[in-house]
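These are the residues of each chain, in order.
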Amino acid sequence: SIAVVGGARGSNEDAFAWAQLAHDVIGTPNVYAQLGDGLPAAVLGLDRATIDDVASATTIVLLGPDLKEELPVLYLRIRDAAVKRGRHIIEFTPKPGGLTKHAWKSIGYEPGTQRAAVEAALADPAVAMQLAKGPVAIVAGRANLAETSTATVLALQAILAAVPSAKVLPALRRGNVVGALQVGVRPRPGGLDTTGVLQAAAAGRIECLLLLGADPLADFPDADLARRAIAGARRVIAVDTFLSASSLQADVVLAASAVGEKGGTTTNLEGRVTSLGRRVTATGTSRPDWMIASGIAGLLGTEFGYRSIADVTASIAARVESYANVTATAVASAPDGVLAAVPADLGPLVPPVLSLPDRNSYDFRLVVSRRLYDDAVSTRTSPSLAHLAGCMTVHVNPLDIERAGAHDGAEVRLSSARAGIIVTVESDATVLRGTVWVPFNQPGSTIGELIDCTAAVTDVRIENI
């Protein structure tokens, strides 16, 4: 009846202390760092590619989000590999992105059909020949928040079956999510992931919901479920730096130090651990998460014995097998950080069966993804960044706008089986016919109102108003 959501915002030490408190002191298996917008944690147990592996691979397979918007530094490395080093990119995407013009082949697909698109490409002799030329690296992530992650996992497994030697770089967007998952912020056997936690909270089965720098009301794709979960949990405790939509509804808010206000380590996509530098003194009574977790453990009768951040780093090295070589001394003496081992305890990647609903001539398949700047609380509260968020519009292929009886710039009702919202139509020739694209968490209407996280895909209709 106790669940913990979040933990990807802080350092490895923060995440480890919270995992230790949740699993070992409280005894709950319901702990997860992702917010329904990533891939199963088992992806981190695949043969991991480094960023250098990706940049030097003969063939780079992109099966994930628009890296220019979601992981721009990785985007620059891959663009350089294609433009200056002649690496071949094979891109599978529901909407062309920043690397499309640099791709050797860009293959579009409707939501839910990634595996069919991959299998068709693998049957192409030119593609098969290219994949056989040398090392293959796969960049895998969530390209569409309005469909199940199962579709992407099935496509990833199809590529790995055809190219068993390929390495995988997880394109998980959220802060220190790789570090948080690897040091323990994930369910124990029988535990719930974030979707399961929110469903249980909405049904009144969660006595206490602990949010670690997490804002489900803004970040979880299914807005209705997030809203019912926050209302249904009997107690909500938020540990946060800013008051978000979710923490404003919490019973208790504990002030946590922000990045730049604390030390420790963080882990990037490839598993490389580097130091965080404290540059600013935290204001008021805010403290690093690991201190807050240690204090709560003490109140519950368990002393972690941490007196400094170095103590927590040492505990991670001693207790997390894949971080055995990640000591404070090793990290401090390595200019480029220390590469943690690939975890061996994440279990197999076994997705459930995927069943897609029938298509009809009236509905459009919904594609929802992120832009670099959105309406996140950290953006909104930064005077230099707040103006960079865009606006809420639905992007439709010009030919489909005509079919829907609308016109560019018109206000329309966009509706799914769940709800309807009023948005402005924007003509966009890059959007595939039969689909519409909407950026997530932009100022204006909330696209999450239309998404059902339990559905394989989301179909929507466009109606004039």
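Remember, it's a predicted structure, so these values are computed and weren't measured experimentally.

Each value, and the rule that gives it
- Residues numbered from 1 in each chain as written.
- Predicted model: local features only at pLDDT ≥ 70, side-chain atom pairs only at ≥ 80, totals over all residues.
- Heavy atoms only, no water.
- Helix = DSSP H or I, 4+ residues; strand = E, 2+ residues; numbered from the N terminus.
- Rg over C-alpha atoms; globule rule 2.2 N^0.38 Å.
- Buried < 20%, exposed > 50% of the residue type's maximum accessible area, 1.4 Å probe, protein only.
- Contact = heavy atoms within 4.5 Å.
- Areas by Shrake-Rupley, 256 points an atom, 1.4 Å probe, with all protein chains shown as cover.
- Lys, Arg positive; Asp, Glu negative; His and termini not counted.
- Charge placed at Lys NZ, Arg CZ, Asp CG, Glu CD.
- Pairing = 2+ DSSP bridges.
- Salt bridge = Lys/Arg side-chain N within 4 Å of Asp/Glu carboxyl O.
- Axes fitted to C-alpha atoms, helices over the stretch in contact; angles between N-to-C directions.

(A) Molecular detail of the overall build of the protein chain. For the protein chain, the count of helices and strands is 16 helices and 19 strands. Its C-alpha atoms give the protein chain a radius of gyration of 22 Å, near enough to 23 Å, the size a compact globule of 465 residues would have. Counting the 465 residues in the protein chain, one finds 53% classified as buried. Look at the contacts in the protein chain between residues 6 or more apart in sequence, and 77% of them connect residues 24 or more apart. In the structure as shown, the protein chain presents an accessible area of about 18900 Å², 53% of it carried by carbon and sulfur atoms. Here the protein chain holds 41 positive side-chain charges and 46 negative ones, and the gap between their average locations is 3 Å.

(B) Focus on the pairing of strand 9 (residues 235–240). The pairing of strand 8 (residues 208–212) with strand 9 spans five bridges and is classified as parallel. By the bridge assignment, L211 is partnered in strand 9 with A238. Two strands pair when backbone bridges link them, and strand 9 and strand 10 (residues 252–255) are joined in this way by four bridges, in the parallel orientation. Bridge pairing in strand 10 places D240 opposite A255.

(C) Region of the structure containing the pattern of salt bridges. Applying the stated criterion to the full structure yields 33 salt bridges. A salt bridge links D289 to R9; the shortest N-O distance between them is 2.6 Å. Here R9 lies in the loop between strand 1 (2–6) and helix 1 (12–26) and D289 lies in helix 12 (residues 289–299), a separation of 280 residues in the sequence. Ionic pairing is found between D363 and R461, a salt bridge with its closest N-O pair at 2.6 Å. One end of the pair, D363, is in the loop between strand 13 (338–339) and strand 14 (364–369); the other, R461, is in strand 19 (residues 459–464), and 98 residues separate them in sequence. Linked by salt bridges that have partners in common, D222, D224, R227, R228, R418, E449 and D452 make up one network.

(D) The environment of I316, seen in detail. Its location among the elements puts I316 in helix 13 (residues 309–319). On a C-alpha basis, the gap between I316 and G196 in space is 28 Å, while along the polypeptide they are 120 residues apart.

(E) Examining the sheet that holds strand 11 (residues 264–267) more closely. Strand order in the open sheet formed by three strands is 11-12-13, with antiparallel pairing between adjacent strands. Edge strands, defined here as strands with exactly one partner in the open sheet, are strand 11 and strand 13. Here strand 12 (residues 272–276) runs beside strand 13; their pairing, made up of two bridges, is antiparallel. Each residue of the ladder has a partner; that of R272, found in strand 13, is L339. On top of the sheet, helix 1 reaches strand 11 and strand 12; it is set at about 90 degrees to strand 11, its chief contact.

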